Structures are given as structure tokens and as C-alpha cells.
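# Reading the structure
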Amino acid sequence: MSALTSVNHITVIGSGTMGSQIGMVAALSGFETTIIDIAEDALQRAREQLESRMARDVEKGRRTQSEVDEAFTRLDFSTDRDAVVAGTDFVIEAAVEDLSIKRKLFAALDQIAPPHAILATNSSNIVSSRIADATSRPEKVCNMHFFNPVLVMKAVEVVAHPGTSQDTVAITAALAEAMGKQVIHVHKEIPGFVANRLLAALRKEALQLYSDGVVSFEDIDIAAKSALGHPMGPFELMDLVGIDVAYMIRLAEYEQTGDPESLPNPELKKLYDAGRFGRKSGQGWYTYASAT
Ligand code: CAA
């Protein structure tokens, strides 16, 4: 745990599905944490969703009220990125999966963050060597990849690029462990890393079977659950992760591989174009009573 002595305050950039829960887990684990977004209403929504998740956990006896209250005293929400980052020790970026946005963001973070601060990206698909050279501290840049829902899933993939220092890897892995996570060390940069590549193979086959008219998407989900024992089918999981995220991951991979096989399946594109982003928009493959 000594690797972690330099981390007191964590900044999470982005208050979406991933960023908000990463921030909550960090605060629950004892870290002073601030979640940053450009829009007040996005932060407000994130706060409300986290409050209702935590209330549910207390009601179910999974956490105590005082644990949750203390975590909320450590958790801030802010639109004032620069003021927060100027005093932080560790940044976890969970913004949109777009390389040019991430490069601009990391260049700006590098200007403001204290020299010792590590700049990690939660990106599952954009490897950190593509971002690190936008900063003056490439040795302090890496991927720290969480899984959805972050409050529940135990894994974090830590991925170094060739110029990431051993210290950065050690601190990032120790932080993930302090957040109650199990670390998967990925030794080579590869888009998607490990868990998502396993998932992508399944998702790709599922979309193909559906678009070929072999079977309904509902029955594919039933097969994954009742024949393979998965907790969710691939279509339910796309709705959980976000149709927009699943779509952008494909585009980001295509951008890196140039292989048309990487492009989003047309059925996925249809949902994306229709703004059916999954649970968070109330409709994706399935329809939900309310957006969550
Ligand atoms: N956020 C936080 N907690 C959640 C949640 C969410 N969105 N959904 C469920 N939970 C928790 C809650 O504690 C919930 O209990 P309550 O309903 O009493 O509050 C508990 O999990 C059980 O939920 P459910 O009864 O609704 O359903 P379940 O037993 O099927 O569990 C699940 C839900 C944990 C999500 C489970 O289905 C599962 O493990 N699914 C697979 C998830 C997965 O594969 N994740 C990886 C995605 S890939 C990724 O994340 C990579 C990326 O790059 C984006």
C-alpha cells in the first residue's frame, strides 16, 4: 500500500455511467474525490442516481448509513475543472471515447495538474500511448479500465504504454486494489484490452446471428443466460453499457485498425442513429420503464 501514499485526492472527469460510479467507489474507499463535468445538470443527475443507489444499498443492508454519509462528505461535484485538478493527485478520465477530445483534455490537464499527478484514462479502446504524447509527463499516463456497473464489477485492467513508468503502474494498481478491485495487468497495448475483447467476440457473433435473421435478439439473450450461465445476455449488456458506448468503441477500433470488420454492425448503428442509447435513454434493444 506504500505506493499509494501520494494519493489523497482523486479527480474523475466525466459524470456519465462510468465516471459517476468510479467517483462513488473512490469516495466509499476513503479518498477525497471530485467528479467533474461541463454541465451542472449532468452532475445533478449523477448525484441523484448515486444517492438513490446508495439508499438502496443501505435499505438492502449492503452498506451502513454512516458509511454512505461519510462517503458523500468526501465526494464533490464540480464544473470548475482547472481549480480541482490544480490540487489533485490522480486523475481518472471517463469522458467520451473520442481521441481528439481526449488528447486536448490531457494536454490541458497536464498544464494544470501538480507534477506528481498521474493522468489515467478509463478508455477501454483508446490506448494511452495515443494520448500520452499530448502531455509533458508520458511516464505518468496509463489506462485504468473499470467495468460497468463499477459499483458491482470487481475488475480493473491496468495497461501501461511502453513509456509508462513502473511507479505509475504500481500506484495505479495499488489504487485499484484500495478501491476493492482485482487488477488485471495487461502487458501489451491492444485496443479493447482483455475482457472487452472476449465480450466483443461474443457481441459480434450475437449481432450477426440477429441481423442474419437466424434468431431474435431476445432469444440470443436467453441462450447466453440459460445455456452459458452468463448473468446477462449480450443485448441486455449493450443496453446497460450504452448503445452509444458500444457504437463508439467500434468506431474507435476501426480508426485504429482500418479494418472494415471493426465497424459497428448496421443494426447497432440503427439504434445509435435513433438515439436509443439503452437503459440511460429508456430505450435500446429493450424498452425500460424509466431511464436509469
Ligand atoms: N449500477 C449499480 N449497481 C447495480 C446496477 C447498476 N447499473 N445494476 C445492478 N446493480 C446492483 C444492485 O446492487 C442490484 O441490487 P438491487 O436491485 O437490489 O439494488 C444488484 O446489482 C443486482 O441487480 P439485478 O437484480 O438487477 O440483476 P443481476 O443480479 O443480474 O445483477 C449485474 C446485475 C451485476 C449487472 C449482473 O447482471 C452482471 O454482472 N451483468 C454483467 C455485467 C458485465 O458484463 N459488465 C461488464 C460490461 S463491459 C464493460 O463495462 C466494459 C466497458 O468498457 C464499458
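Residues numbered from 1 in each chain as written. Predicted model: local features only at pLDDT ≥ 70, side-chain atom pairs only at ≥ 80, totals over all residues. Heavy atoms only, no water.

You'll find the protein entered in an unreviewed UniProt entry as Putative 3-hydroxybutyryl-CoA dehydrogenase, with Corynebacterium efficiens given as the organism. Within the UniProt record for the protein, the comment given under Pathway (unreviewed entry) is "Lipid metabolism; butanoate metabolism." Per its UniProt entry, the protein bears the Sequence similarities (unreviewed entry) comment "Belongs to the 3-hydroxyacyl-CoA dehydrogenase family." (UniProt positions renumbered as here; feature names shortened; annotations may be inferred.)

### Side note on the nonpolar core
Counting 41 residues, the largest nonpolar core has Ile-10, Ile-22, Phe-90, Met-144, Phe-146, Leu-175 and Met-179 as its most contacted members. Setting aside its immediate chain neighbours within four residues, Phe-90 contacts Val-7, His-9, Ile-10, Thr-11, Ile-118, Ala-120, Met-144, Ile-171, Thr-172 and Leu-175. Counting 17 residues, the second-largest nonpolar core is a separate cluster that includes Val-84, Phe-106, Leu-109 and Ile-131. (Core = buried A, V, L, I, M, F, W, Y, C linked by side-chain atoms within 4.5 Å. Buried < 20%, exposed > 50% of the residue type's maximum accessible area, 1.4 Å probe, protein only. Contact = heavy atoms within 4.5 Å.)

### Topic: the sheet that holds strand β2 (residues 32–36)
As summarised here, the arrangement of the eight strands in space is β3-β2-β1-β4-β5-β6-β7-β8, forming an open sheet in which the pairing is mixed. Two strands lie at the open edges of the sheet, namely β3 (75–78) and β8 (182–186), each paired on one side alone. When strand polarity is set aside, the average angle formed by the axes of neighbouring strands in this sheet is 25 degrees. Sheet topology note: the strand β6 (residues 141–146)/strand β7 (residues 155–160) ladder contains five bridges and is antiparallel. By the bridge assignment for β7, His-145 is matched with Glu-157. Sheet strands in contact with helix α3 (residues 65–74) are β2 and β3, and its direction is about 40 degrees off that of β3. Against the sheet, helix α7 (residues 166–178) touches β1 (9–13), β4 (90–93), β5 (118–121), β6, β7 and β8, its axis set at about 20 degrees to β6. (Pairing = 2+ DSSP bridges. Helix = DSSP H or I, 4+ residues; strand = E, 2+ residues; numbered from the N terminus. Axes fitted to C-alpha atoms, helices over the stretch in contact; angles between N-to-C directions.)

### Thoughts on the packing of helix α1 (residues 17–28) against helix α2 (residues 40–59)
One can describe the packing of α1 onto α2 by two numbers: an axis separation of 10 Å at closest approach and a directional angle of 55 degrees. It follows from the interaxial angle that α1 and α2 lie oblique. Judged by the sense of rotation from one axis to the other, the crossing of α1 with α2 is right-handed. Note on element contacts: α2 touches α1 through Ala-46, Leu-50, Arg-53 and Met-54, opposite Ser-20, Gln-21, Met-24 and Leu-28. Looking at the contact of α1 with α2, its residues break down into five nonpolar, two polar and one charged. (Parallel < 35°, antiparallel > 145°, perpendicular 65-115°, else oblique. Left-handed = near helix turned anticlockwise from the far one by under 90°. Nonpolar A, V, L, I, M, F, W, Y, C, P; charged D, E, K, R; others polar.)

### Details of the packing of aromatic side chains
Inspection of every chain in the model, using the stated rule, returns nine aromatic pairs. Ring geometry for Phe-217 versus Trp-285: centroids 5.3 Å apart, planes at 55 degrees, classification tilted. Pair noted here: Phe-217 is in helix α9 (residues 217–226) and Trp-285 is in the segment after α12 (266–273), with a separation of 68 residues, a long-range link. In textbook terms, an aromatic cluster arises when at least three aromatic residues are bridged by ring pairs, as seen for Tyr-210, Phe-217, Phe-235, Trp-285 and Tyr-286. (Phe/Tyr/Trp six-rings, centres within 6.5 Å; stacked < 30°, edge-to-face > 60°.)

### Quick notes on the UniProt feature "domain: 3-hydroxyacyl-CoA dehydrogenase C-terminal" (unreviewed entry) in the protein
Under the feature "domain: 3-hydroxyacyl-CoA dehydrogenase C-terminal" (unreviewed entry), the UniProt entry names residues 192–288. Along residues 192–288 the backbone is 60% helical and 0% strand, and the end-to-end C-alpha distance reaches 28 Å.

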